Amino acid sequence: MDIYLPIANLSVNALVIVMLGLGVGLLSGMFGVGGGFLTTPLLIVYGIPPTVAAASAASQVTGASVSGVFAQFRRNGVDTHMGAVLIAGGILGSGVGAILFRLLQASGQIDTVIAVLYVLLLGSIGWLMLSESLGAIRAARGGEAARPRRRRHHPMVAALPFRWRFYRSGLYISPLAPLMLGFVSGVMTMLLGIGGGFVLIPAMIYLLGMPTSVVVGTSLFQILFVSAAATMTHALTTKAVDIVLAVLLLLGSVVGAQVGTRFASRARPEYLRLALAIMVLLVALRMLLGLAWRPDEIYTVQLG
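Here we summarise the structure given alongside this text. Here the structure is a predicted model, which is why all the values come from computation and not from measurement.

Take helix H4 (residues 80-107) next. Taking 1.5 Å per residue as the helical rise, H4 with its 28 residues ought to reach 40 Å, and the 39 Å between its terminal C-alpha atoms agrees with that figure. By the burial criterion, the buried members of H4 are Met82, Gly83, Val85, Leu86, Ile87, Gly89, Gly90, Gly93, Ser94, Gly97, Ala98 and Phe101. Two or three places before His81, at the start of H4, stands the capping residue Asp79, its side-chain oxygen 3.2 Å from that residue's backbone nitrogen. At the C-terminal side of H4, Gly108 shows a positive phi close to 80°.

Right, dumping it as structure tokens:
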């Protein structure tokens, strides 16, 4: 069933978009990531303009984060104090990202910049995940027990001034560190339409030294507000949010997230991470080919 997307200005198969959202939601439930970092490149590969794909994916991330945040609040898995600082940085980053988006849009380079950033981002994240998962699989087969990591924030974070106490996380660090982390996440959300959870979560663990019990909930709490702010900014400035596309994606992702959560509880985590790493690298490779591959005929004129 074809449906017209008013902002993207093209017709798409509604079932394909819903299934794409279902697949991303499945990954979200299986791996604990927002899925926005795959939604945008997959939409681009399908033929949606990168500007519309990035803006609409941000609105999908907002809707998909709501249920996760409520679930985390019920299990007391959110550090609202830390989340508020991350949100403040994220909203500032969204504003700067909006300015960059408009400048690139005016220069006609926004589509290329989004595609290049995704190739670099997905390629680096996919390679790191692949190395880590293969190492974990080798250790498991060799019967080695994983060494417990001592929780401590990074020395650069320890050197920052104006320390605050974050009681739920058990930290005494400068708010400048999470503020800068939130700022980077906000810029990424605005430019690429991602929630940033796959960057935020490891940074919160390894840079800030937050306990894993509150990392996912606090990340979702920040993503909810920052992606909502990015969606509003896109709607008011770039006018690139296609609500029809976002609703179709949400229909699939809500169902997929529930199925993915049940599947993840029965699978071994190192093999799940390996599968995700391979998928991320394949998407990066496909986008790289789209950038580098020269068609046989650049222009085609059809008469009659």
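Locating Arg165 in the fold gives a position in strand S3 (residues 164-166). On a C-alpha basis, the gap between Arg165 and His81 in space is 9.1 Å, while along the polypeptide they are 84 residues apart. Ignoring any residue separated from it by four or fewer positions in sequence, one finds Arg165 in contact with His81, Leu171 and Tyr172.

Our focus in this paragraph is the packing of aromatic side chains. On inspection of all chains with the given rule, the structure shows two aromatic pairs. Ring plane angle 40° and centroid distance 6.4 Å describe the contact between Trp164 and Phe166, whose orientation is recorded as tilted. Note on Trp164: relative accessible area 40%, which makes it partly exposed. Both rings, one in Phe221 and one in Phe225, keep their centres 5.2 Å apart while their planes meet at 75°; by these two values the pair is edge-to-face. Note that Phe221 and Phe225 are positioned in helix H9 (residues 212-238) at a spacing of four residues, about one turn of the helix. Looking at Phe225, the relative accessible area reads 41%, which means it is partly exposed. Positioned above the aromatic ring of Tyr172, the side-chain terminus of Arg165 is 4.3 Å from the ring centre.

Here is what the cut-offs are and how they apply
- Counting restarts for each chain: residues are numbered from 1 in the order of the written sequence.
- Since the coordinates come from a predicted model, pLDDT governs what is reported: local features require at least 70, and pairs of side-chain atoms require 80 or more to be given and counted, while whole-chain, interface and lining totals use all residues.
- As a rule here, side-chain values come from all non-hydrogen atoms in the structure, and water together with hydrogens is ignored.
- Only DSSP runs of H or I reaching four residues or more are called helices, and only runs of E reaching two or more are called strands; each is numbered from the N terminus.
- Every helix has an expected span of 1.5 Å times one less than the residues it contains.
- Whether a residue is buried, partly exposed or exposed follows from its accessible area with a 1.4 Å probe, protein chains only, as a fraction of its type maximum: under 20%, in between, or over 50%, in that order.
- Counted as a polar contact is a pair of N or O atoms within 3.5 Å, where, for protein atoms, one must be capable of donating a hydrogen and the other of accepting one, and residues adjacent in sequence contribute only when both atoms are in side chains.
- Here, two residues are considered to be in contact whenever any of their heavy atoms come within 4.5 Å of each other.
- We call Phe, Tyr and Trp rings a pair once their centres come within 6.5 Å, taking the six-membered ring for Trp, and we label the pair stacked below 30 degrees between planes, edge-to-face above 60, and tilted otherwise.
- Charge-over-ring placement is defined geometrically: NZ (Lys) or CZ (Arg) within 6 Å of the ring centre, and within 35 degrees of the ring normal.

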